[in-house]
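# Survey of secondary and tertiary structure
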Number of protein chains: 2
Amino acid sequence: MDKRVTIQDVARHAGVSITTVSRFLNERYDSMSEATRGRIEAVIRDLGYRPNALAQGLKGNRTKIVAAVVVNMSYPFCVGFMRSLNQTLSPAGYHLFVSETAGNPDRERAVVQSLQAQRVDAMVLQTGGQNNDLLAAIATQMPVIFVDRKYSVPGVTNVITNNREASEQLTAHILEQGYRRVLYVTEEEDGVHTRKERLQGYLQACHKRSIKPWVITVDRDQKDTFDVVVNAVEDGAKKEPIAVYTGNGLLMMRLYPALVQLGYQVPNQLGLATFDQPDWSGLVQPSLTCVGQPVDTMGALTGEMLLQRLGKPDETVSFEVKTIASNLVFGGSTRLHG
Amino acid sequence: MDKRVTIQDVARHAGVSITTVSRFLNERYDSMSEATRGRIEAVIRDLGYRPNALAQGLKGNRTKIVAAVVVNMSYPFCVGFMRSLNQTLSPAGYHLFVSETAGNPDRERAVVQSLQAQRVDAMVLQTGGQNNDLLAAIATQMPVIFVDRKYSVPGVTNVITNNREASEQLTAHILEQGYRRVLYVTEEEDGVHTRKERLQGYLQACHKRSIKPWVITVDRDQKDTFDVVVNAVEDGAKKEPIAVYTGNGLLMMRLYPALVQLGYQVPNQLGLATFDQPDWSGLVQPSLTCVGQPVDTMGALTGEMLLQRLGKPDETVSFEVKTIASNLVFGGSTRLHG
DNA sequence: CTGAAAGCGCTAACAA
DNA sequence: TTGTTAGCGCTTTCAG
């Protein structure tokens, strides 16, 4: 492994002090002669010198690193969000750390502490809410933003989508099409804000129309819990058109083949809809009614807020919630005629 | 923003020197008394002290950061790979940087140089091959691994899949089913190793069976180039069963709705297959024949190789290629009977 | 216009 | 068993 070029080397080759080189690096060109500037420039190019970000960070107390902590980076929400976040941060010279928690509070805590040790400049988390004490403390040291899931923590800003309203609108849409009942499929709430909100939206829509709610909770790790749904649909759709609405795209992905297998006609006997907008929603026939989350906007907004706060480090944010509306996509899978 | 706790603070509160605290941090417990150890432990816990990774890195010349540079992190290949990579690196205390190049050589160069300045401990790249000079230089300073795309650069290891063989096998499979011709849809080669290899596999399979190759090149940024494919299929499938085989999953995703729209029966009049295994391949009817890339294995292998090399920094690797076999999935979309 | 020197938080000889 | 000291590569007063 080669030795790396340092500011010392540059200074020596250019015949100046390291101070002057440092000035050059920080673009204080007016406090040096043309000749000096040119010489340093040339030496840096020749030597392929790049200032050591560690040393700069240690001195300046910043790293130009922003950390994103998500449950699972393969979830479409996370991928899209991180991309968009990265695209707004990257031009400003920030690097993106990505870590996964798998929804495990202990892992989350360990990850966060490790990021703290790395002296990241800011954190963005899709948290489970079990480490809010720790995160509140961290929020006094750097900008912290929660995305997707909302928790009231002092100093932490939330960037979320209108889960409840969108869910209510989607449910309302389905019912207005004439489906007699809507089966809502969700996962154990477990303190996850989105699950609660989406369920409540569904319940509210049912309530307003005096429709009896019908909810089944599944566990993605237990295949047989999905069978319960399939059996329920098989019975329920016999006598009248019903619809199945899943609380997230992964559930629909798991459920879809089995539901289609039942042989009911979609959308005339069986309506289908899901929260999230899976990339395949337009590929199946008929296309799937769904709720597209504004991940790009959320990522961009998060990035912009961070850049702003990183620009003026001494501003404290007490508590703020940014809600961005989801986008309902009415596909053929809920187009009931008759 | 609060002041952060330093090793100084811990030393003062514990009534010892910072050296002793440092020893504690590095688990050299045998060179201190039980009492001291206990006291330091308590102080660290009380103060919520975490050692500054920047300072440690500056001293030790390592950052515990591995950088992944990909074309687009939303590509299924990248997501899966990065997850798997992260899962093997994370337990060893490594953090993952993620950057995108959008396939732009200049951006790639800028990103790589910036990562170099950040003093990452290793780089994993899905490169376009235009910065191999720079990367060769970097490979003398740290482990560098190319994934997905192969380039011969001294000191750089390649982790790839058997694109050519898999492509040939897939094409052979389709032809053996009895489709008279296979239309191969690809993108401009542009020096991208995978595109070349997959095409060659296709050509070879055709050649062996004396079938005239039929290739159309599309551009994902130009919608009308896809129309060319659709028109060709419309004509071609009139008289005899043909198949369409796309060089990657994104192409099939774009093409699929339009092809289905044509009204030909899949698989009897029109066969469909793609490289990559899109998450929706099992959701459409009939299920899509495809080539699953071993992204998990590739990520894990890459991570393990890195950990090994990071463990013993002075070993030089001349040039190595690890090829991992893809997994062919024969779905209903190419099941031609008759 | 330029440089010397202190120090960011930590590690590792070298002493005691 | 513990402490003193010299840096790692950089930025920033403060003095010329």
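The structure we're discussing is the one just above.
All of the points below concern the structure found in this document. (Residues numbered from 1 in each chain as written. Chains lettered and ligands numbered in written order. Predicted model: local features only at pLDDT ≥ 70, side-chain atom pairs only at ≥ 80, totals over all residues. Heavy atoms only, no water.)

A few words on helix H8 (residues 163-176) of chain A. Residues and elements named next belong to chain A. For H8, spanning 14 residues, the distance from its first C-alpha to its last is 20 Å, which sits close to the expected 20 Å at 1.5 Å a residue. With ten of 14 residues buried, H8 lies mostly within the body of the structure. Listed as buried for H8 are Asn163, Ala166, Ser167, Glu168, Leu170, Thr171, Ala172, His173, Ile174 and Leu175. Immediately beyond the C-terminal end of H8, within one or two residues, lies Gly178, with a positive phi of roughly 110°. (Helix = DSSP H or I, 4+ residues; strand = E, 2+ residues; numbered from the N terminus. Expected span 1.5 Å × (residues − 1). Buried < 20%, exposed > 50% of the residue type's maximum accessible area, 1.4 Å probe, protein only.)

Here the focus is the packing of helix H10 (residues 223-236) of chain B against helix H11 (residues 249-261) of chain B. Residues and elements named next belong to chain B. Two numbers describe how H10 lies on H11: the axes approach to 10 Å, and their chain directions differ by 50°. On the basis of their axis angle, the class for H10 and H11 is oblique. The two elements H10 and H11 meet at a crossing, and its hand is right-handed. In this structure, H10 uses Lys223, Phe226, Val229, Val230 and Val233 to contact H11, whose residues at the interface are Leu251, Arg254, Leu255, Ala258 and Leu259. Residue classes in the contact of H10 with H11 are distributed as eight nonpolar, no polar and two charged. (Axes fitted to C-alpha atoms, helices over the stretch in contact; angles between N-to-C directions. Parallel < 35°, antiparallel > 145°, perpendicular 65-115°, else oblique. Left-handed = near helix turned anticlockwise from the far one by under 90°. Contact = heavy atoms within 4.5 Å. Nonpolar A, V, L, I, M, F, W, Y, C, P; charged D, E, K, R; others polar.)

The next point concerns the interface of chain A and chain B. Every contact between the two is made by 53 residues of chain A and, on the other side, 53 residues of chain B. Scanning the region where chain A abuts chain B turns up 21 residue pairs in polar contact (both at pLDDT 80 or more). At the level of secondary structure, the elements contributing two or more residues to the side of chain A that touches chain B comprise helix H4 (53-60), helix H5 (76-89), strand E2 (95-100), helix H6 (105-117) and helix H11 (249-261) of chain A. (Polar contact = N/O pair within 3.5 Å; in protein donor to acceptor, adjacent residues only side chain to side chain.)

On to the sheet that holds strand E12 (residues 327-329) of chain B. Residues and elements named next belong to chain B. One open sheet holds the six strands; their spatial order is E7-E6-E8-E9-E10-E12, and the pairing between them is mixed. The open sheet has two free edges, formed respectively by strand E7 (214-218) and E12, since each of these has just one partner strand. Here the average twist between neighbouring strands, direction ignored, is 15°. In the sheet, strand E8 (residues 242-246) pairs with strand E9 (residues 270-275) via five bridges, with the strands oriented parallel. Within E9, the position partnered with Ala243 by the bridge is Gly271. Contacts from H11 reach strand E6 (181-187), E7, E8 and E9, with the element oriented near 160° to E9. (Pairing = 2+ DSSP bridges.)

Okay, the packing of helix H1 (residues 7-14) of chain A against helix H3 (residues 34-47) of chain A next. Residues and elements named next belong to chain A. Running from N to C, H1 and H3 cross one another at 125°; their axes reach a closest spacing of 9 Å. When the axes of H1 and H3 are compared, the pair comes out oblique. Crossing geometry of H1 relative to H3 is assigned as right-handed. Seen from H1, the contacting residues are Asp9, Val10, His13 and Ala14; seen from H3, they are Arg39, Ile40, Val43, Ile44 and Leu47. Partitioned by chemical class, the residues of the contact of H1 with H3 number six nonpolar, one polar and two charged.

Following the criterion strictly, the structure yields 14 aromatic pairs over all chains and no others. Relative to Tyr151 of chain B, the ring of Phe146 of chain B has its centre 6.2 Å away and its plane inclined at 85°; by these criteria the two rings are edge-to-face. We note that Phe146 of chain B, like Tyr151 of chain B, is buried. Put simply, the rings of Tyr184, Tyr202 and Tyr245 of chain A touch in pairs and so form one group of aromatic residues. Above the face of the Tyr29 of chain B ring, Arg37 of chain B is positioned so that its terminal group lies 3.8 Å from the ring centre. (Phe/Tyr/Trp six-rings, centres within 6.5 Å; stacked < 30°, edge-to-face > 60°. Lys NZ or Arg CZ within 6 Å of the ring centre and 35° of its normal.)

Once that is clear, we can look at the protein's contact with DNA strand C. Taken together, 28 residues sit near DNA strand C, with Arg23, Thr36 and Lys59 of chain A together with Ile7 and Tyr49 of chain B positioned nearest. When the atoms of DNA strand C within 4 Å of the protein are grouped by moiety, sugar and phosphate amount to 60% of the total. In this structure, a phosphate oxygen belonging to DNA strand C sits 2.8 Å away from a side-chain N or O atom of Thr20 of chain A. Asn52 of chain B places a main-chain nitrogen or oxygen 2.9 Å from a phosphate oxygen of DNA strand C. Those elements giving two or more residues to the surface near DNA strand C turn out to be helix H2 (18-25) and H4 of chain A together with helix H2 (18-25) and helix H4 (53-60) of chain B. In terms of residue class, the surface near DNA strand C is made up of nine nonpolar, twelve polar and seven charged. (Near = heavy atom within 4 Å.)

Each copy of the sequence occupies a distinct position, and chain A is placed on chain B by a rotation of 180° and an axial shift of 0.0 Å, giving an RMSD of 0.1 Å. The transformation just described matches what one would write down for a two-fold rotation axis. Considering only C-alpha atoms, the part of chain A nearest the rotation axis is Phe97 of chain A, at 2.3 Å. Take the interface residues of chain A: 98% of them recur as interface residues in chain B, which is what a same-surface contact looks like. (Least-squares fit on C-alpha atoms with pLDDT ≥ 70 in both.)

As a rule of thumb, soluble globular proteins bury nonpolar side chains together. Membership of the largest hydrophobic core comes to 84 residues, with the highest contact counts inside it found for Trp280 of chain A together with Trp280 of chain B. For Trp280 of chain B, the residues in contact, after removing those within four places along its chain, are Asp279, Trp280 and Leu283 of chain A together with Met252, Met253, Tyr256 and Leu288 of chain B. (Core = buried A, V, L, I, M, F, W, Y, C linked by side-chain atoms within 4.5 Å.)

A few words on the pattern of salt bridges. Two side chains carrying opposite charge are able to pair once their charged atoms lie near each other. Applying the stated criterion to the full structure yields 25 salt bridges over all chains. Where Lys223 of chain A meets Asp227 of chain A, a salt bridge forms, and the shortest distance between an N and an O atom there is 3.6 Å. Taken together, the residues span about one helical turn, with Lys223 of chain A and Asp227 of chain A both in helix H10 (residues 223-236) at a distance of four residues. Lys223 of chain A sits in the exposed class, given a relative accessible area of 59%. By relative accessible area, which is 35% here, Asp227 of chain A ends up partly exposed. A salt bridge links Arg195 of chain B to Glu187 of chain B; the nearest nitrogen and oxygen atoms lie 3.8 Å apart. Just as Arg195 of chain B is buried, Glu187 of chain B falls in that class too. Each of Glu187, Arg195 and Arg220 of chain A takes part in one network of salt bridges that share partners. (Salt bridge = Lys/Arg side-chain N within 4 Å of Asp/Glu carboxyl O.)

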